[in-house]
Every structure is written in C-alpha cells, then in structure tokens.
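For reference, the chains in residue letters:
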Amino acid sequence: MEALEIQQLVSEMTLDEKIGQIAQLPADCYTNNAGDRTGPVQRLGIDETDLWRAGSVLGWPGSAEECIRIQKTVVEKSRLHIPTIFMSDVVHGWKSIFPIPLALGSSWDPHLFEVMGKVSAQEATQEGVHVTFSPMVDLVRDPRWGRVMESTGEDVLLNSQFAASLIKGYQGDDKSESLAHNFHTLAACVKHFAGYGAPEAGRDYATVSLSGQELYEKYLPGYQAGIAAGAPLVMMSFNTIDGLPAHANPYLIQEVLRKKMGFTGVTISDFAGIAELIEHGIAADAAQAARKAFSAGCDVEMASVTYLTTLREQFETGKLSVQALDEAVLRILTLKNNLGLFDNPLRGLQPGQTHSIQQPAFREETYQAALESLVLLRNESSTSRQALLPLTPGKSVGLAGPFAHSSDLLGGWSAEGKQQCVEPLDAQLKRVVTDNLKVSQVACEPLAVSSQAIEEAVEIAKNVDTMILALGLPSQWSGEATSVTDLRLPASQRKLYQAVQQVNPNIVVVLVTGRPLDLTYLDSAPSILLAWFPGTQGARAIADTLVGKNNPSGKLTMTFPRNVGQVPIHYDALPSGRPETEENKQERYVSHYVDCANEPAYPFGFGKSYSSFSYSDLQVSSAEFSQDQPVTVSATVTNESSRGGTEIVQFYVHDCVGELSRPVRELKGFKRIEINPGESVRVSFTLTEEDVRYTHSMPAFARYSEPGDFLVTIGASSADTLPPLRVTLV
Ligand code: BGC
C-alpha cells in the first residue's frame, strides 16, 4: 500500500476501530477453545469483539497454525480487513538458542550479533512471529539487577554497535526496507526507554535517579543507535525518572525520543505498564492512567486494557485529541504495511508447511557464538608449573558440581528453546576426554548441594589429577525480577568448593551465571572458565575449550566486583577530587574503602587466553588532531606463546580538561585480531574530533568537543594498557 492509502484507511475507521489498533492483547486470549472466552478475556474485563479489533498480539500462540488461524479470523472479522501483528520476545534465539546477550557481548564481535539476529528471524518468522521485543539496550552497572543478562554490559560504544548489528540481523541489510518483501525478517523493538538499567539498589522495577547529563551521555546512545539502525518500535520502561514513570513522561517520549532522537515509529508500553501508573501513584484510576500515558505519547498499550476500556469516552468528550489518535494509528498501520501484512497477512506462512528450524547450520552458528563468549578469568597452576588449562592429555579428570549434569544452560528469555535439546557438560566432556574421566552421579542442586553430593565429589577429587567443578546459579536466578543482595554463589556450593579444595587443589571452575558474581572465596582456584549461559551448544563449546580445541578469547563487558559493596561499579567512572594512588594509599582522606580495595576483581575488558600477548611501542601519527585531521594511534601486539590465538585489542581515551569532569578512560575502539605464535601485529585506531564530543550541561545537553589535551592508549583491558601518550585537539 502507498502512504496515502494508509492515511485514507485511517480516515475510514471508526473511533472504536482506532482505539482497537492501539491495544495489544496477550496471545492466550486467542488460544483458548474457540467460543470459550471466559479465561483471560474475562480476567481482563473485555469482550470478544475487543479481540478482533485489537491491533496486535502479545506473545506467540504456540504454533504457526494458530498464527494462521488467528490472523485469518482477525482479517475476516475486521470491517476494513486490517491484519494483526504477532509480537514476541526473541532475545537470544528462537529455538536455536545463542548465549545470553551479556555472554555474546563478551565476544566483542558485532558480526555474531548480526548472525544471531538472522538466525532468530529465520526461525521465529517461520512460526508466525513478526516483531521481536529486542534488543534491550539498557546500559548496566549493577549486577544485583537480574536483567543484566539481557544487556551487553556497561559500555556505551559496545552497546551501540551490538544493538545496530543485531537489528541489521533481524531486519536485513537495508535497515527496514526488507521487512516488506523478505518474510524471514523480524522487526525490532528497542527497549526499555529509558534508563531502566539503573534501578535504585539494583531492585527490578525500582525508581531510577540519573542526572540529565548522565542520561544523555551514557544511557541514551544505545537507544539512539537502535533507532538509527532502523528499529520501528521503542518500548517504554517500568521505572520512574525524575519522579515520573516513563510511560507517562511527555518529556522523555516527545521531547527526547521524538524531537531530539528523531524517532518516527511506534511507541509501546511494557507489560501492563500503563495500568501500573495507578500503583505508581500518578493516576487515581484506569481512565486517568490511560489519559496520562496516551497524552504523553505511548501509542500502544501492552497487556493491560485501560485504552480499550476507557479511551472512547475521553476522546468523545474532548479530554484527548483525536488527531493524536489518528497519528498513532497511522504509525501502527504503517508498521503493518512495512511488514507487508496488508498484501500478505500471513507473511508467506502456509498451513502444514515444514520449517527449517534448528538447521545444522544454525547449530554451528550457536556453537561458534558460544566459543567466542567464554571468558577465561584465571589460568594458573597450584604448583606454579604448567597452567591447568587446556587439560593435559592422559591426565585423569574428575567432574562434579551442580552444572556437571545440568541442561539449564540456555538462560532466561530463551523463547522456544528447550532444555531437552541441550546436552549437558558431562556428556560433552566424555566426547573429548575419552579415558580417565570420572563424573559424579549424585544429583546436585545449585541452590542446595547435598552433603552426599559433596562427599562424592571429594572422593572423585582424591583420585584424579584435575578436578572440574561446574558451579553457578540456575537460570531462574537471572532475568526479570531476579534482583539479589548477595553476589556470592550459594553457601552449599562454597562448601563443596572448600571440601574439594582440601583434597585436591588442582581445580578448574566452570562458572555458569547470568550476572557478574563475587568470586573471592574461589581465590585459590587455579583456573576459572566463565561460561555464562552459553546456549544450545554451550556444553560442547565448554568441553572443546577445556581440552584446548578452542583457545578462549572472550573479554568482560561488565566489571566483576570484589563484593556487593562495590556496586554499582564500572570502568569509565569520573575521577575523584581525592583519587587514591599508589603513593597516597596509606592516607585517610582519599577516595577509598577502609575494608576493601577500590579495584574490581576482574575489570571491564579483561579475559585471558591460552596464548600470551604483549603490548609495546605505542605511537601517535601526530601530536595534534583537528576536525579535518584525525590522529592514528597504534601499538604492536605480539603473541609470545607457541599457540595461535585471538586477542581483543582495546583503545582508550581520557579527556584531560573539560567543562565537565570526564571519565578516567573511555573505550573508543576495539579489534579482534588473530595472531600466530611468535607473530607481532601492528594495530591502529583512528581518533577523530567526533569521537571526543560529549554531552555538556543543562539546559541544552549539547554535544560538542573542546580543544585541549587527551591521553590515548592501547591495551588488553581497561586496567592493563600501555603508558598513555598525549595528543591535542586544535
Ligand atoms: C518485560 C519486557 C518484555 C515484555 C513482554 C515485560 O515484563 O519487561 O522486556 O518485552 O514483558 O514479554
């Protein structure tokens, strides 16, 4: 359809039909036995006609056939034959499950995000999904918050690049153009707008207190990158900001999102976020909640029904503008048109069609992603001889711990991924360690390791050269509404570790988690391989890494604190007026803790390899740079080992003097480089004037650079870089 035809369609719609379009009802309203509408429909207080006028469906009704049936019914029952949209959370895969986003972030490989987007779109669209509620671009700095697993970490540059690549994967190369003609593409929805990743005390749904400057500088760029990449939807966040819930915040939606960020697509509430305005205490009833959200600019209401049940009267009495409604409906119909739904409501689905889901190629792609997301946090030896990993052929190996035989490796938000399709670590380890492998047989629960399981692990450990302990938290403990106040593993796992450690110090910990953890009680473990939730092919990737078929290359995109008291913690902090230094460490009035170091346990950008890389010879192409003349910064990276490996080389900049205090360092570039044994590679980065622009202060939050000095450096992590050089912006 042409744009004019859509406008024409809006002009032909009745008020009720228009209000229908801005409502999104849960899939279970449509999937109960036909005619039996007493369940979810009654619960919501709507009637059957509402089902067929609602503009979109939340979630997947369970099969492609159901999508076909529902779509056909909607088109038939709608007077103007307007199709619905199926929107679902396809976050890190549909059936072929990739590592969780925080894990995939550790690859520092934007291409993998594109691959994940493509595979997710291929699988989900063949089963009827049109829109995914992804990417979640919320910047995170507090591992108490369970949803850090859905994010890609604490850095603005990485988050923005990953979001853009993922959207390209979902939607195709030409931003959103392919949505209309390639039915194996999914439309993306950037979420949660805005600042949802910074809840007070790390508690989900709690309020957010961010300065305007911080919001603009750190939190908004991820959303902006998603919009620039062509995402046609943005989801509001549950939190308040400046005391006002995002769903009813006209400044956020109209001034920031629409005017400053130039977003022209559809805004959608989060799950029941509009009805919850009552709980927030800014609306007395459903009508006021609906009025506040709609007039703030929230186009679609997800899951709650304040729009469906109260807006008619408010438009009729002039409390709300019908013109604003027309504009919202136009945006929704444009999205439907851009998805090709008017011409092909089924987007190519055919009843009984066989689907190419979980193809071998997809399996290999999830495997590759898992390989690249593993982070080797430590690899030493208990006797200072050879490092424990990779495992030495011929030596005996034991395996115990709650994740030795667990298929709980997919992580939260794993859509239609099934644990039955996941091979656990013991099975995969048997494949690669063919002799001398002893695996515990006693059931071992992550939240309560029994004394029997501990005794058995100790017996195994006594009789093997190397003991692998697969520890971690169940997937139920990460994701939405899983905030914690203690970042340590459960006490019984710590007990397991200590008991084994007493009889055999050669311990390799394989750590399964959706968030950074406090690992101080594992200080004596010679090797720790961080697996995150690695997805469908995760155990295979872990096993291949343990035996050295894969050389780990992942690096952290979120700081691991020493303990919960250090959070929120992130590498790009502002300097203090009283910074702690090597020289003043003993002084009292410096910025420090009296009971703990300032430095984290594992900093942003950190990750080891079976190779060892050294950095040298930092150079700049000139001492000055300008708007027309960038500067090139380069260093030599050498693989000092006898093993080829991939190094993630990082480029950091510090602005010495500004109008505002600037972060101690900021990532401005990174490269994944494969380096052969003994080889030296010259790695260079370009620094432009645009790279050093930043958001200034109130009232305009303008973004510009300031002439002056910058310190530039290259290194292996945010805490391990070459002594910096000075360049001047003229
Ligand atoms: C989450 C969103 C999600 C939505 C729909 C909400 O609870 O916050 O991220 O997209 O549910 O499933």
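In the block above lies the structure referred to throughout.
Figured I'd write up the structure that's included with this text.

Scoring rules and cut-offs
Residues numbered from 1 in each chain as written. Predicted model: local features only at pLDDT ≥ 70, side-chain atom pairs only at ≥ 80, totals over all residues. Heavy atoms only, no water. Disulfide = S-S within 2.5 Å. Buried < 20%, exposed > 50% of the residue type's maximum accessible area, 1.4 Å probe, protein only. Core = buried A, V, L, I, M, F, W, Y, C linked by side-chain atoms within 4.5 Å. Contact = heavy atoms within 4.5 Å. Near = heavy atom within 4 Å. Polar contact = N/O pair within 3.5 Å; in protein donor to acceptor, adjacent residues only side chain to side chain. Nonpolar A, V, L, I, M, F, W, Y, C, P; charged D, E, K, R; others polar. Helix = DSSP H or I, 4+ residues; strand = E, 2+ residues; numbered from the N terminus. Pairing = 2+ DSSP bridges. Axes fitted to C-alpha atoms, helices over the stretch in contact; angles between N-to-C directions. Salt bridge = Lys/Arg side-chain N within 4 Å of Asp/Glu carboxyl O. Phe/Tyr/Trp six-rings, centres within 6.5 Å; stacked < 30°, edge-to-face > 60°. Parallel < 35°, antiparallel > 145°, perpendicular 65-115°, else oblique. Left-handed = near helix turned anticlockwise from the far one by under 90°.

**Examining the state of the cysteines**
In the structure shown here, the tally under the stated rule is 0 disulfides. As a non-bridged cysteine, Cys-298 has Cys-189 as the owner of its nearest cysteine sulfur, 10 Å distant. Using a relative accessible area of 0% as the deciding quantity, one classes Cys-298 as buried.

**Overview of the nonpolar core**
Counting residues in each nonpolar core, the largest one holds 127 residues, and the members touching the most others are Leu-25 and Phe-193. Once residues lying within four places of it in the same chain are set aside, the contact partners of Phe-193 are Leu-220, Tyr-223, Val-234, Met-235, Met-236, Ser-237, Ala-246, Leu-252, Val-256, Leu-257 and Met-261. The next biggest cluster of nonpolar side chains, apart from the first, holds 82 residues, and it includes Val-148, Leu-388, Cys-444 and Ala-525.

**Some remarks on the site of the ligand**
In the vicinity of the ligand, 13 residues are found, and the nearest of them are Asp-89, Arg-147, His-192, Asp-270 and Glu-480. Contact distances for the ligand include 2.7 Å between an oxygen atom and a side-chain N or O atom of Arg-147. Between the ligand and His-192 there is a distance of 2.7 Å, counted from an oxygen atom to a side-chain nitrogen or oxygen. Each residue belonging to the shell around the ligand can be placed in one class, and the counts come to 7 nonpolar, 1 polar and 5 charged.

**Comments concerning the side chain of Ser-178**
By the secondary structure assignment, Ser-178 is in the loop between helix H9 (156-171) and strand E5 (187-193). Accessibility expressed as a relative area gives 6% for Ser-178, which makes it buried. Polar side-chain contacts of Ser-178 include one of 2.3 Å to the side chain of Asp-174. Contacts of Ser-178, omitting those with residues within four sequence positions, involve Gln-171, Gly-172, Asp-173 and Thr-185.

**Some points on the sheet that holds strand E3 (residues 85-88)**
Ordered by their spatial adjacency, 8 strands build an open sheet running E9-E6-E5-E4-E3-E2-E1-E10, and the pairing between neighbours is parallel. Strand pairing shows two members of the sheet lacking a second neighbour, strand E9 (266-268) and strand E10 (301-302), which therefore form its edges. In the packing of helix H10 (residues 212-228) onto the sheet, contacts are made with E5 and strand E6 (233-236), and the angle to E5 comes to roughly 165°.

**Quick word on helix H20 (residues 538-546)**
With 9 of 9 residues buried, H20 lies mostly within the body of the structure. Among the residues of H20, those classed as buried are Gly-538, Ala-539, Arg-540, Ala-541, Ile-542, Ala-543, Asp-544, Thr-545 and Leu-546. Against the buried residues of H20 lie helix H16 (360-373), helix H17 (425-432), strand E14 (466-472), strand E15 (507-512) and strand E16 (527-530).

**Notes on the pattern of salt bridges**
All told, the structure shown has 38 salt bridges when counted by the stated rule. A salt bridge links Glu-580 to Lys-585, with the nearest nitrogen and oxygen atoms 3.8 Å apart. Assessed through its relative accessible area of 32%, Lys-585 is described here as partly exposed. A salt bridge links Arg-662 to Glu-666; the shortest N-O distance between them is 3.4 Å. Judged by its relative accessible area of 6%, Arg-662 falls in the buried class. What makes Glu-666 buried here is its relative accessible area of 13%. By sharing partners, the salt bridges in this structure join Arg-141, Glu-214, Glu-217, Lys-218, Asp-572, Arg-662, Glu-666 and Arg-703 into a single network.

**Some points on the packing of aromatic side chains**
Per the counting criterion, the structure on display carries 19 aromatic pairs. Relative to Phe-604, the ring of Trp-108 has its centre 5.5 Å away and its plane inclined at 50°; by these criteria the two rings are tilted. A residue pair is termed long-range when its members are at least 10 positions apart, and Trp-108 in the loop between helix H7 (101-105) and helix H8 (110-125) and Phe-604 in the loop between H20 and strand E17 (613-620) qualify at 496 residues. Each member of the pair, Trp-108 as well as Phe-604, carries the same accessibility label: buried. Ring plane angle 20° and centroid distance 4.4 Å describe the contact between Phe-113 and Phe-162, whose orientation is recorded as stacked. In this pair, Phe-113 is assigned in helix H8 and Phe-162 in helix H9, connecting sequence segments 49 residues apart. Each member of the pair, Phe-113 together with Phe-162, is buried.

**Considerations on the packing of H8 against H9**
Relative to each other, H8 and H9 sit at 30°, their axes nearing to 7 Å. Comparing their axes, H9 and H8 come out roughly parallel. For H8 against H9, the interelement crossing comes out right-handed. The segment H8 lies against H9, with Pro-110, Phe-113, Glu-114, Met-116, Gly-117, Lys-118, Ser-120 and Ala-121 engaging Gln-161, Phe-162, Ser-165, Leu-166, Lys-168, Gly-169 and Tyr-170. Grouping the amino acids of the contact of H8 with H9 by side-chain chemistry returns 7 nonpolar, 5 polar and 3 charged.

**As for the pairing of strand E20 (residues 645-655)**
Of all the 11 residues making up E20, 11 are buried; the element is thus mostly covered by neighbouring parts of the structure. Because side chains alternate across E20, one face comprises the buried residues Gly-645, Glu-647, Val-649, Phe-651, Val-653 and Asp-655, and the other comprises Thr-646, Ile-648, Gln-650, Tyr-652 and His-654, equally buried. Of the pairings in the sheet, the one linking E20 to strand E21 (residues 666-675) comprises 9 bridges and is antiparallel in character. When the bridges of E21 are listed, Ile-648 appears paired with Arg-672. With 6 bridges connecting them, E20 and strand E25 (residues 708-717) associate as antiparallel partners. Looking at E25, one finds that Tyr-652 is bridged to Thr-713.

**Topic: unusual backbone geometry**
Of the consecutive residues Phe-193 and Ala-194, the connecting peptide bond is found in the cis state with omega at 5°. Relative to the elements of secondary structure, Ala-194 occurs in the loop between E5 and H10. Omega for the bond connecting Val-567 with Pro-568 falls within 30 degrees of zero, at -5°, which places this linkage in the cis form. Its identity is not glycine, yet His-81 carries a phi of approximately 55°, on the positive side. Looking at the secondary structure, you find His-81 in the loop between helix H6 (64-77) and E3. In this structure, Arg-347 is a non-glycine residue whose phi angle is positive, near 45°. Here Arg-347 is to be found in the loop between helix H15 (322-338) and H16. Of the residues examined, Arg-347 reaches a relative accessible area of 4% and is grouped as buried.

So far we have only geometry, and geometry alone does not tell us how the molecule works.
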